[in-house]
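Given next are the chains, with one letter for each unit.
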6 protein chains.
Amino acid sequence: MLWQEQSWPRIRELDKRIPVVVPLGSLEQHGPHLPLIVDTLQVTAIAEAAERRLADRVLLLPTLWLGSSHHHLDFPGTVSLLPSLYSQVIESIALSILQAGFRRVVFLNGHGGNKVPVAQALSELVCGSEIAEDAYLALATWWELNPEAFRVGMETPAVSHSCEYETSLVLALRPDLVRMDRARKTPMALDNEWVKTESPQSSRVSIYRRFRRLTAPGSMGSPLSASAEKGNRLLAAVVEELVRFLTDFFQWPELPPLGPDLG
Amino acid sequence: MLWQEQSWPRIRELDKRIPVVVPLGSLEQHGPHLPLIVDTLQVTAIAEAAERRLADRVLLLPTLWLGSSHHHLDFPGTVSLLPSLYSQVIESIALSILQAGFRRVVFLNGHGGNKVPVAQALSELVCGSEIAEDAYLALATWWELNPEAFRVGMETPAVSHSCEYETSLVLALRPDLVRMDRARKTPMALDNEWVKTESPQSSRVSIYRRFRRLTAPGSMGSPLSASAEKGNRLLAAVVEELVRFLTDFFQWPELPPLGPDLG
Amino acid sequence: MLWQEQSWPRIRELDKRIPVVVPLGSLEQHGPHLPLIVDTLQVTAIAEAAERRLADRVLLLPTLWLGSSHHHLDFPGTVSLLPSLYSQVIESIALSILQAGFRRVVFLNGHGGNKVPVAQALSELVCGSEIAEDAYLALATWWELNPEAFRVGMETPAVSHSCEYETSLVLALRPDLVRMDRARKTPMALDNEWVKTESPQSSRVSIYRRFRRLTAPGSMGSPLSASAEKGNRLLAAVVEELVRFLTDFFQWPELPPLGPDLG
Amino acid sequence: MLWQEQSWPRIRELDKRIPVVVPLGSLEQHGPHLPLIVDTLQVTAIAEAAERRLADRVLLLPTLWLGSSHHHLDFPGTVSLLPSLYSQVIESIALSILQAGFRRVVFLNGHGGNKVPVAQALSELVCGSEIAEDAYLALATWWELNPEAFRVGMETPAVSHSCEYETSLVLALRPDLVRMDRARKTPMALDNEWVKTESPQSSRVSIYRRFRRLTAPGSMGSPLSASAEKGNRLLAAVVEELVRFLTDFFQWPELPPLGPDLG
Amino acid sequence: MLWQEQSWPRIRELDKRIPVVVPLGSLEQHGPHLPLIVDTLQVTAIAEAAERRLADRVLLLPTLWLGSSHHHLDFPGTVSLLPSLYSQVIESIALSILQAGFRRVVFLNGHGGNKVPVAQALSELVCGSEIAEDAYLALATWWELNPEAFRVGMETPAVSHSCEYETSLVLALRPDLVRMDRARKTPMALDNEWVKTESPQSSRVSIYRRFRRLTAPGSMGSPLSASAEKGNRLLAAVVEELVRFLTDFFQWPELPPLGPDLG
Amino acid sequence: MLWQEQSWPRIRELDKRIPVVVPLGSLEQHGPHLPLIVDTLQVTAIAEAAERRLADRVLLLPTLWLGSSHHHLDFPGTVSLLPSLYSQVIESIALSILQAGFRRVVFLNGHGGNKVPVAQALSELVCGSEIAEDAYLALATWWELNPEAFRVGMETPAVSHSCEYETSLVLALRPDLVRMDRARKTPMALDNEWVKTESPQSSRVSIYRRFRRLTAPGSMGSPLSASAEKGNRLLAAVVEELVRFLTDFFQWPELPPLGPDLG
């Protein structure tokens with residue numbers, strides 16, 4: 001179900017265990033060959049495909065296209081909130097959903113820069129608010145739902161930025177917005193035993209830098225290896241995992257307080 | 001042009017006098033007969049119609065569906081930011097656009113509750129930031145672009161909430177989302193010489209109350225007088241005014257400093 | 001009654017339906033012919049005159065001379081809070097009054113720049129605080145109490161800044177502080193079909209600019225048409241309306257919750 | 001000179017070494033025998049008397065009656081800002097004065113609860129802002145200007161709250177507002193070798209408590225020993241010291257940077 | 001070198017490429033068998049051992065024992081900052097070090113709950129401040145420096161909380177503070193295909209919950225498998241990796257701006 | 001007892017009237033002859049000596065070395081929080097201790113710059129939070145516990161900064177960190193009838209300035225008069241007073257509400 005198409009009396013009468021999904025995108029530079037809207041486009045396609053399969057076993061909000069991309073702001077066109085402000089926005093959205101009575105909320109994330117501020121928001125919310133304590137607050141970044149499955153058929157090992165994966169997805173979803181003639185493969189300015197700029201998951205140390213210190217065109221990875229076919233395959237695999245997760249999530253048992261109560 | 005479909009090099013090369021339009025909606029209760037998404041639906045339809053006519057003489061961002069509707073939060077389904085937080089979000093969007101070099105920014109507003117926090121944000125920005133001082137920062141709420149023209153053919157004098165005007169627009173845009181069988185006309189709990197709840201423009205004093213103190217169903221005005229035809233006529237009239245304004249706005253002269261410079 | 005002259009046991013025993021009035025002024029440039037204190041002087045005179053007529057049917061606080069005038073800060077002498085900070089101050093004053101048990105609070109405003117931040121404060125308060133939900137929180141800007149009545153006998157249609165209206169009032173109240181030899185009439189830098197700098201009420205679009213972009217001397221309107229007689233007449237008319245409003249306000253019925261209770 | 005009676009061109013042309021004085025009061029409970037306005041009344045009388053003697057060697061702002069008195073809020077009638085918010089207000093006032101070009105600013109304080117937040121504000125300002133670094137930012141609480149001189153002829157050793165000193169001053173300034181029949185002397189709930197509730201200056205440890213934990217009537221000290229004559233003598237002595245200080249302050253040499261410059 | 005033992009002239013003359021290490025601990029419940037200080041104890045031992053080997057090729061600050069542990073606050077003894085406040089503290093420490101001229105800063109983290117707020121702080125700093133843009137800001141959590149090497153000889157696969165790893169380390173460092181008779185192995189309340197409470201690194205979805213919803217005693221993992229010998233071996237392995245990293249880090253090349261400059 | 005060495009069940013079972021002591025230091029420049037850690041070193045030595053004597057009649061937390069020293073930041077090596085941020089940190093520490101059930105909390109302060117922000121924090125906490133209202137929140141700066149006793153045998157009258165007192169203490173505690181050959185006695189840039197830079201306690205007016213405006217080397221007072229013997233004597237005297245105070249504090253009676261209850 002689409003949250004936004006319901007009336008308030010309809011929202012009131014729904015089963016409150018239904019998972020509520022909030023897709024999170026961004027509006028930020030994606031190199032010279034992709035449009036600013038990439039992350040929003042991808043996560044929306046994934047979320048809507050899952051909603052079509054789950055029907056009334058999920059409640060889907062519209063995608064928030066405004067994300068936290070300040071490390072990209074040196075490239076014009078990026079529209080962004082600082083991490084601390086984005087965290088407050090996420091907290092408010094979660095609170096509105098909790099106030100309506102739901103207790104299983106998934107932020108379905110489609111932009112790397114959103115991960116830390118969403119985690120910050122949900123950590124803060126669950127500790128600072130009574131209404132959140134008995135809720136499941138989840139952060140699911142789509143490419144982390146099953147990385148091994150997603151890299152099947154790809155030349156590069158992981159999603160980075162405007163890379164083989166992202167370019168393939170946009171070729172599948174909106175080929176009219178891709179300028180493959182402008183795509184470039186560039187080496188990363190920082191890549192060593194400790195820090196893997198293109199696959200932060202496998203870094204042993206985290207380094208915080210603006211994007212213009214890492215790449216001249218604003219892209220990473222191997223966009224030239226992309227194809228619409230790869231994009232369609234990836235999209236199907238991600239949707240499959242998301243549907244599986246949401247189906248499970250609906251069934252998870254409540255978690256009552258176990259430890260000491262200082263109340 | 002759609003901002004989100006451009007790449008960063010394309011944004012960089014555009015004429016910086018082009019007006020940039022940010023449509024602002026909400027996700028909030030609209031009574032038992034209309035969906036939560038009404039304000040976003042309306043302002044998006046208006047903005048996209050104007051963009052189709054203006055082509056490369058305008059840059060349109062995606063609509064921000066997340067607005068400031070805390071006075072509606074007692075009705076479930078409303079997803080909202082407090083006014084002070086919404087102001088900060090608006091300031092950040094404006095700053096991102098200014099940082100890209102543009103100097104004519106219009107927040108095209110489609111929800112009454114957004115007006116004060118947008119005004120707060122832009123007042124604060126123009127005084128607290130050097131980058132904003134030489135910019136035109138505009139707030140245009142669609143129903144204020146030409147109220148006299150918009151009330152032609154209507155039975156009620158002004159837009160309020162889930163009223164004749166809004167119901168007509170949704171009947172024109174998404175009739176499948178309207179439940180006319182549930183529409184109700186209710187008297188306002190507060191309506192006197194000083195305060196006109198249904199037309200704040202003509203109030204002499206402003207009163208701040210939660211919506212559940214003013215109306216039981218969550219709607220105002222005369223939804224039963226609505227029709228798709230009225231909606232289509234209103235939509236055309238609003239788009240006409242918006243196109244006229246944006247065409248003018250593009251031409252306004254620069255405003256250099258006149259008064260004392262303490263710099 | 002004057003709030004400040006009571007002791008705490010006296011405040012405790014008063015009827016809590018009595019309207020509490022908080023006059024809001026500013027300390028900001030008013031052109032070369034008027035002193036910085038104009039707005040505070042005017043609103044204080046109005047409030048005190050009403051208090052003398054209403055006696056124990058009103059509780060009047062001292063005027064807050066510190067307002068939000070950052071758009072005037074380029075002119076030296078202006079002392080101001082940013083809008084967001086001023087909003088927090090207003091919220092705190094309202095909370096103090098509510099905590100004392102009163103439920104009818106009027107911010108009587110005498111400066112245009114205060115309107116948005118007071119509205120922001122009261123919107124935020126009524127939604128974010130239980131103590132405010134059952135209160136009447138009012139914003140009454142004096143020149144909006146009855147604009148048609150106030151323009152009788154004037155050459156210009158509305159109050160702007162250091163204009164015919166304001167200069168007349170200072171000529172009536174403190175002629176020793178007026179330098180008519182320095183008064184100037186200047187055209188506005190921005191005045192067109194959409195934006196009326198000198199009468200924002202009739203603007204169709206709002207533009208946010210620092211004052212030094214709009215006027216070299218810091219004044220607007222037609223100060224040269226001012227006279228003490230006009231000022232006295234205006235003062236009497238405003239006081240009359242304010243007394244009428246406060247008398248009514250005291251009688252307004254309570255507004256109980258009508259809509260859904262999520263409590 | 002009175003700041004508020006000047007026009008902006010007049011402020012611009014003044015000698016920027018002139019001390020600018022901002023009197024700080026409060027609106028808070030002062031026991032059953034004194035009105036809420038005591039602190040504001042006193043500091044205003046002191047400041048205005050000094051201004052009359054110093055003429056154009058001082059610039060006096062209007063008294064800010066809104067102070068930080070949250071520890072008194074349990075007694076109705078108190079109107080207050082939390083310390084952190086009051087600090088931000090003080091910082092903004094100082095910044096407005098610095099932006100006008102002045103570099104010698106005195107906050108003349110008349111309420112104990114204001115001391116810490118003013119100190120916090122000025123510490124923060126001088127470290128966080130370039131415009132403040134070369135300024136003299138002073139906090140002068142009137143009863144600390146010369147405590148030994150002020151206690152001559154008094155029965156109690158120091159100013160506390162609604163005490164011999166304060167009651168005497170109000171008897172001198174506004175006897176119509178004093179209800180001596182209601183004055184009470186009460187022992188302090190906390191008074192030992194380490195903490196002197198009635199003379200915090202001589203405490204060796206500071207304890208933070210709400211006023212209702214310390215005194216039932218809301219007053220301290222010996223109000224029954226007060227007289228108008230004592231009040232007049234005290235007033236004269238304080239004004240004398242303030243005039244001496246401001247005369248000196250005007251002459252203090254600049255303090256150039258001495259230590260390392262990291263600039 | 002120990003930062004705190006230098007004088008300011010000595011800090012001024014040092015080579016500014018030297019890595020500056022800030023160890024981050026916590027003061028939080030660690031189950032019934034371990035003391036509150038565990039994380040601080042461990043990270044301090046690691047940092048000091050590395051400093052002894054690197055001598056003047058590193059600058060070590062004292063450990064900040066105050067961390068972000070609000071999810072543990074239901075267990076008494078925990079002393080914590082909310083994530084958002086902890087982020088501001090980290091930003092201030094980084095700024096102080098940058099202001100002294102250093103450009104290679106490592107936050108050596110010893111508590112899981114600190115990771116997100118440190119990442120938030122450094123993301124925010126590098127985007128919002130000019131002084132940080134050309135710096136290397138690193139977050140190194142000790143158990144992520146080489147997880148495979150660290151699990152050699154252990155029965156469980158990863159560090160969690162008061163587990164085999166942590167109990168072993170405290171047995172090695174301060175055996176007098178361990179009550180092995182009170183150690184317990186408890187199953188996790190939440191553990192499935194998507195969420196591994198005891199090894200968040202391998203979770204596919206992140207869930208935010210207070211600790212008392214996950215474990216009754218406050219510990220996780222297998223503390224009963226711990227031994228001092230395992231602790232000593234682990235300590236040596238971690239120090240080895242840290243020394244290797246810091247030695248490399250000192251040599252990394254500068255990263256000049258590559259992308260577009262909007263400056 | 002040391003708080004950090006307890007487990008959470010042990011904290012839970014302790015008598016909640018036991019005073020909890022939080023030592024507050026700094027990491028800031030102390031002239032060319034002393035290390036950055038002076039204040040932390042001193043307050044830790046004092047607190048630990050008292051803890052050894054009081055045993056289970058006190059609970060001692062680890063010293064917070066991070067203080068508020070922004071007025072020293074122009075001298076490299078200083079690591080500091082702005083006053084407003086430091087206040088929030090102190091409030092959080094106090095809240096954690098209150099949440100564990102204790103009601104007698106002493107911030108034992110060892111740095112002048114911490115005094116105002118700690119006072120601000122505790123004022124704000126006691127007024128804004130119900131959990132703090134019935135607690136004793138104390139600020140004890142060590143040199144104020146008994147100034148007359150502490151100056152016995154000293155040549156100068158009071159503690160200032162890197163002076164006779166502080167240099168003596170470091171000579172007693174860590175002589176290896178003192179470079180007496182670099183110690184300097186310098187006249188204060190600001191010292192007159194109203195302001196005593198080296199003894200703020202006896203100032204009649206407070207002035208806020210960065211340290212580099214007051215002293216070139218960063219030290220004050222007479223470091224050349226220092227000796228280890230003076231340091232040992234001072235240390236013993238301070239510990240004596242602190243033990244006396246904590247012993248008393250444990251016995252103070254509860255302070256129930258006396259004044260009006262607005263609840």
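Structure: see above.
One structure accompanies this document, and this report is about it. (Residues numbered from 1 in each chain as written. Chains lettered and ligands numbered in written order. Predicted model: local features only at pLDDT ≥ 70, side-chain atom pairs only at ≥ 80, totals over all residues. Heavy atoms only, no water.)

## Quick word on the pairing of strand β3 (residues 104-109) of chain B
Residue and element names in this part refer to chain B. As a reminder of what qualifies: Categorising residues by exposure relies on relative accessible area from a 1.4 Å probe, with only protein chains included: less than 20% of the type maximum marks a residue as buried, more than 50% marks it as exposed, and the intermediate range marks it as partly exposed. Going along the chain from the N terminus, every DSSP run of H or I of four or more residues is numbered as a helix, and every run of E of two or more is numbered as a strand. We treat two strands as partners when DSSP finds at least two bridges between them.
Burial within β3 is extensive, with six of its six residues counted as buried. Side chains Arg104, Val106 and Leu108 project from β3 onto one buried face, and the interleaved Val105, Phe107 and Asn109 project onto a second face that is buried too. Of the strand pairs in this sheet, strand β1 (residues 20-24) and β3 are connected by five bridges, and their pairing is parallel. Each residue of the ladder has a partner; that of proline 23, found in β3, is leucine 108. Pairing of β3 with strand β4 (residues 136-141) involves six bridges; the strand directions are parallel. Residue pairing in the sheet places asparagine 109 in a bridge with threonine 141 of β4.

## Things to note about the environment of glycine 259 of chain F
For glycine 259 of chain F, the position within the fold is in the segment after α8 (228-251). As for glycine 259 of chain F and glutamate 164 of chain F, which are separated by 95 residues in sequence, their C-alpha atoms are 47 Å apart.

## Things to note about the relation of the copies chain F and chain E
Keep this limit in mind: Least squares is the method for superposing the copies, and the C-alpha atoms it fits come from residues with pLDDT of at least 70 in both.
When chain F is fitted to chain E, the best match, at an RMSD of 0.0 Å, comes from turning it 180 degrees and sliding it 0.0 Å along the axis. Given the turn and translation reported, the copies of this chain are related as if by a two-fold rotation axis. Residues of chain F ranked by C-alpha distance from the rotation axis are headed by leucine 64 of chain F, positioned 3.8 Å from it.

## Some details on the pattern of salt bridges
Two side chains that carry opposite charge are able to pair once their charged atoms sit near each other. Cut-off, in case you're wondering: The term salt bridge refers to a side-chain nitrogen of Lys or Arg lying within 4 Å of a carboxyl oxygen of Asp or Glu.
A full pass over the atoms with the stated rule returns 120 salt bridges over all chains. A salt bridge links glutamate 193 of chain B to arginine 204 of chain B; its shortest N-O distance comes to 3.1 Å. Of the two residues, glutamate 193 of chain B sits in the loop between α7 (164-173) and β5 (206-207) while arginine 204 of chain B sits in the loop between α7 and β5, which places them 11 residues apart along the sequence. Judged by relative accessible area, which is 35%, glutamate 193 of chain B ranks as partly exposed. Arginine 204 of chain B gets classed as buried once you look at its relative accessible area, which sits at 16%. In this structure, glutamate 241 of chain F and arginine 204 of chain D form a salt bridge, with 2.7 Å as the shortest nitrogen-oxygen distance. Here arginine 204 of chain D lies in the loop between α7 (164-173) and β5 (206-208) and glutamate 241 of chain F lies in helix α8, a pairing that spans two chains.

## Examining the sheet that holds β4 of chain B
Spelled out, the test is: Only heavy atoms enter the contact rule, under which two residues are in contact if any of them lie within 4.5 Å. Every axis in this analysis is a line fitted to C-alpha atoms, fitted for helices over the stretch in contact. Angles between the N-to-C directions lie between 0 and 180 degrees.
Spatially, the five strands line up as an open sheet ordered β2(B)-β1(B)-β3(B)-β4(B)-β5(C), and their pairing is mixed. Two strands bound the open sheet, and with one partner strand each, they are β2 (59-60) of chain B together with β5 (206-208) of chain C. With two bridges connecting them, β1 of chain B and β2 of chain B associate as parallel partners. Paired with valine 20 of chain B across the two strands is leucine 59 of chain B, which belongs to β2 of chain B. Lying on the sheet, helix α4 (residues 115-128) of chain B is in contact with β1, β3 and β4 of chain B together with β5 of chain C; it crosses β4 of chain B at an angle near 175 degrees.

## Points about helix α3 (residues 83-99) of chain F
Which entries qualify depends on this criterion: One less than the number of residues in a helix, times 1.5 Å, gives the span that helix is expected to have.
Over its 17 residues, α3 of chain F extends 24 Å from the first C-alpha to the last, a length consistent with the 24 Å expected when each residue adds 1.5 Å. Of all 17 residues in α3 of chain F, 12 are buried; the element is thus mostly enclosed. Within the span of α3 of chain F, buried status applies to Pro83, Leu85, Tyr86, Ser87, Val89, Ile90, Ser92, Ile93, Ala94, Ser96, Ile97 and Leu98 of chain F. If you follow the buried residues of α3 of chain F, they end up packed against α4 (115-128) of chain D, α3 (83-99) of chain E together with β1 (20-24), β3 (104-109), α4 (115-128) and α5 (130-133) of chain F. A positive backbone phi angle near 110 degrees is found at glycine 101 of chain F, which sits one or two residues after α3 of chain F.

## Considering the pairing of β1 of chain B
Across the five residues of β1 of chain B, five count as buried, placing the element largely inside the fold. A two-sided burial pattern is seen for β1 of chain B, the buried positions comprising Val20, Val22 and Leu24 of chain B on one face and Val21 and Pro23 of chain B on the other.

## Things to note about the relation of the copies chain A and chain E
Each copy of the sequence occupies a distinct position, and chain A is placed on chain E by a rotation of 180 degrees and an axial shift of 0.0 Å, giving an RMSD of 0.0 Å. Residue by residue, 100% of the interface of chain A is reproduced at the interface of chain E, so both copies engage with the same surface.

## Quick word on the interface of chain A and chain E
Counted only if it meets this: Each polar contact in these results corresponds to two N or O atoms within 3.5 Å; when the atoms are within protein, one needs to be able to donate a hydrogen and the other to accept it, and residues that are neighboring in sequence are counted only if both atoms are side-chain atoms. Polar here means any residue outside two lists: the nonpolar Ala, Val, Leu, Ile, Met, Phe, Trp, Tyr, Cys and Pro, and the charged Asp, Glu, Lys and Arg; Gly therefore counts as polar.
Taken residue by residue, the interface counts 64 residues in chain A and 64 residues in chain E. Joining chain A to chain E, the criterion identifies 12 salt bridges. Here arginine 212 of chain A makes a salt bridge to glutamate 133 of chain E, at a shortest N to O gap of 2.9 Å. In this structure, the connection of chain A to chain E is made through 40 residue pairs in polar contact (both at pLDDT 80 or more). Counting residues per element, the ones that place at least two in the side of chain A that touches chain E are α3 (83-99), α4 (115-128), α5 (130-133), β4 (136-141), β5 (206-207) and α8 (228-251) of chain A. Here the side of chain A that touches chain E gets nine residues from one element, more than from any other, and that element is α4 of chain A. Among the residues making up the side of chain A that touches chain E, the classes are represented as 36 nonpolar, 12 polar and 16 charged. Bridging between β5 of chain A and strand β4 (residues 136-141) of chain E involves two bridges; their strand directions are antiparallel. What sits directly across from serine 206 of chain A, in β4 of chain E, is leucine 139 of chain E.

## A look at the arrangement of the chains
Left apart from each other, chain A and chain D have a closest C-alpha approach of 20 Å. Spatially, chain C and chain E are disjoint, and the shortest separation between their C-alpha atoms is 20 Å.

## Here's the deal with the sheet that holds strand β2 (residues 59-60) of chain E
Taking strand neighbours across the sheet as the criterion, the five strands line up as β5(A)-β4(E)-β3(E)-β1(E)-β2(E) in an open arrangement whose pairing is mixed. Single-partner strands in this sheet number two, and they are β5 of chain A together with β2 of chain E. Running over the sheet, helix α2 (residues 38-54) of chain E touches β1 (20-24), β2 and β3 (104-109) of chain E and is turned about 140 degrees from β3 of chain E.

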